[in-house]
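Here is how the chains run, residue by residue.
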Amino acid sequence: RPSFLRSSPHCNDEKKRKMHFSIPDTSEVEDESGRFTTYNIYTNGAFHCSVRYSQLLQFSEDIKKEFGTEGLTPFPRKKLKFLKLTPMEMSERREMLEKYIQSVSQVPQVARSALFTSFFLSAQQEAAQQEAEAVEIDIYLAHGNKQSLYVMSTDQTEDVLEAFCRKIKLQDDFVYYFALFLMRVHEDGSEEMIRKVQDFESPYISLKELSEDYRIVLRKWYWDPAYDDDLWTDSVALNLMFVQAVHDVEAGWIRATKQEQRQLSGLKAKKSKKEVLADF
């Protein structure tokens, strides 16, 4: 395949496809039940949720019951309730919890499970104190056009993706060839692809927690060109791929020679979408 269809490093980079979990710090919280510590979980450097040790302990027990412990870092033992952790012990527990979460997320069978998704989605909702309510969220296409979508504030990513694809009339069979991504638009107009929005989060909550220069974008989510012919039979899928390819070349995310850029301009003028996707 010519250079036009080479994968863009802005969204195909392995680091942007995989989620990296970390627990860099803790918080001291006080409510009617008393004072306790929460562990702040981040995904790819962005805050996701705060959870108590007891919640993580129950999560680990559920994981063990359903999947066993093979390939997982040992979960830190529970200490007697009346014995308070020293600062060093607290730091050691935080590090062990971080390693445990990282090991869980790296086991595909576990990371794709309803158990994993439900735990982190619920934790995000709780941390954001987000009640379920009807909200409006903007979903962008690669060339900057957007459409507003009404969803529930607590809907997970796959529900929002499916609802948006229904709205733009993409065939059901092709929905999961695409995915939602988090993009940042800088003051100078340049764009930075941050990461894929994961199924264990609510796109609405994730976007709400960020500044106004972030947006949710629909992009292609496969790399095997063998699928192209099938998607080109659908006019909506073909248009999505076309505007993404044109955008990525013009943004410099895909390298194109000057001759290819001139050819692209000509094909755009003729609206030759299949030629744009196949001939470069």
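Residues numbered from 1 in each chain as written. Predicted model: local features only at pLDDT ≥ 70, side-chain atom pairs only at ≥ 80, totals over all residues. Heavy atoms only, no water.

Asks: How should the packing of aromatic side chains be read in this particular structure?
Replies: Each aromatic ring pair is characterised by the separation of its centres together with the angle its planes make. As enumerated under the stated definition, the model contains 19 aromatic pairs in all. Ring geometry for Phe75 against Tyr100: centres 5.1 Å apart, planes inclined by 90°, an arrangement best described as edge-to-face. Of the two residues, Phe75 sits in the loop between helix H3 (53–67) and helix H4 (87–105) while Tyr100 sits in helix H4, which places them 25 residues apart along the sequence. Across this residue pair, the class does not change: Phe75 and Tyr100 are buried. (Phe/Tyr/Trp six-rings, centres within 6.5 Å; stacked < 30°, edge-to-face > 60°. Helix = DSSP H or I, 4+ residues; strand = E, 2+ residues; numbered from the N terminus. Buried < 20%, exposed > 50% of the residue type's maximum accessible area, 1.4 Å probe, protein only.)

Asks: Would you mind going over unusual backbone geometry with me for this structure?
Replies: Comment: phi is negative for the bulk of residues other than glycine, and the bulk of peptide bonds are trans. Not every positive phi belongs to a glycine, and Asn44 is a case in point at roughly 50°. Structurally, Asn44 can be placed in the loop between strand S2 (34–43) and strand S3 (46–52). Using a relative accessible area of 27% as the deciding quantity, one classes Asn44 as partly exposed.

Asks: Before we go on, may I ask you to explain the packing of H3 against helix H6 (residues 114–128) in this structure?
Replies: How two helices sit against one another is set out by the angle between their axes and by the gap between those axes. Their axes nearest at 10 Å, the elements H3 and H6 cross at an angle of 165°. By the angle class used here, H3 and H6 are roughly antiparallel. Helix-helix and strand crossings are classified by hand; for H3 and H6 the assignment is right-handed. Of the residues in H6, those in contact with Gln55, Leu56, Phe59, Asp62, Ile63, Glu66 and Phe67 of H3 are Leu115, Phe116, Phe119, Phe120 and Glu126. The residue makeup of the contact of H3 with H6, split by class, is eight nonpolar, one polar and three charged. (Axes fitted to C-alpha atoms, helices over the stretch in contact; angles between N-to-C directions. Parallel < 35°, antiparallel > 145°, perpendicular 65-115°, else oblique. Left-handed = near helix turned anticlockwise from the far one by under 90°. Contact = heavy atoms within 4.5 Å. Nonpolar A, V, L, I, M, F, W, Y, C, P; charged D, E, K, R; others polar.)

Asks: Got a minute to help me understand H3 in this structure?
Replies: An α-helix turns once every 3.6 residues. As a result, residues three or four positions apart point the same way. The terminal C-alpha atoms of H3 lie 20 Å apart, and with 15 residues this matches the ideal 21 Å at 1.5 Å per residue to within 8%. Looking at H3, one finds that the buried residues are Tyr53, Leu56, Leu57, Phe59, Ser60 and Ile63. What you see down the axis of H3 is that its buried residues fit within an arc of 160°, all on one side. What points out from H3, more than 90 degrees from its buried face, is the exposed set Lys65 and Glu66. Tucked inside the fold, the buried residues of H3 contact S2, S3, H4, helix H5 (108–111) and H6. A positive backbone phi angle near 85° is found at Gly68, which sits one or two residues after H3. (Expected span 1.5 Å × (residues − 1). Arc of directions from axis to C-beta.)

Asks: Help me out: how do you make sense of the environment of Glu89 in this one?
Replies: You can see Glu89 is positioned in helix H4. Glu89 has contacts with Lys79 and Lys84, leaving out every residue within four places of it along the chain. From its side chain, Glu89 meets the backbone nitrogen of Thr86 in a polar contact 2.9 Å long. (Polar contact = N/O pair within 3.5 Å; in protein donor to acceptor, adjacent residues only side chain to side chain.)

Asks: Even after reading the chapter, I still don't get the sheet that holds strand S1 (residues 21–31), so can you show me in this structure?
Replies: Adjacent strands of a sheet pair through backbone hydrogen bonds, lying either parallel or antiparallel. Spatially, the three strands line up as an open sheet ordered S1-S2-S3, and their pairing is antiparallel. The open sheet has two edge strands, S1 and S3, and neither has a second partner. Taken pair by pair, the neighbouring strands of this sheet meet at an average axis angle of 30°, ignoring direction. Bridge analysis of S2 against S3 gives six bridges, and the strand direction is antiparallel. Residue pairing across strands places Asn40 opposite Ser50, the latter belonging to S3. In the packing of H3 onto the sheet, contacts are made with S2 and S3, and the angle to S3 comes to roughly 90°. (Pairing = 2+ DSSP bridges.)

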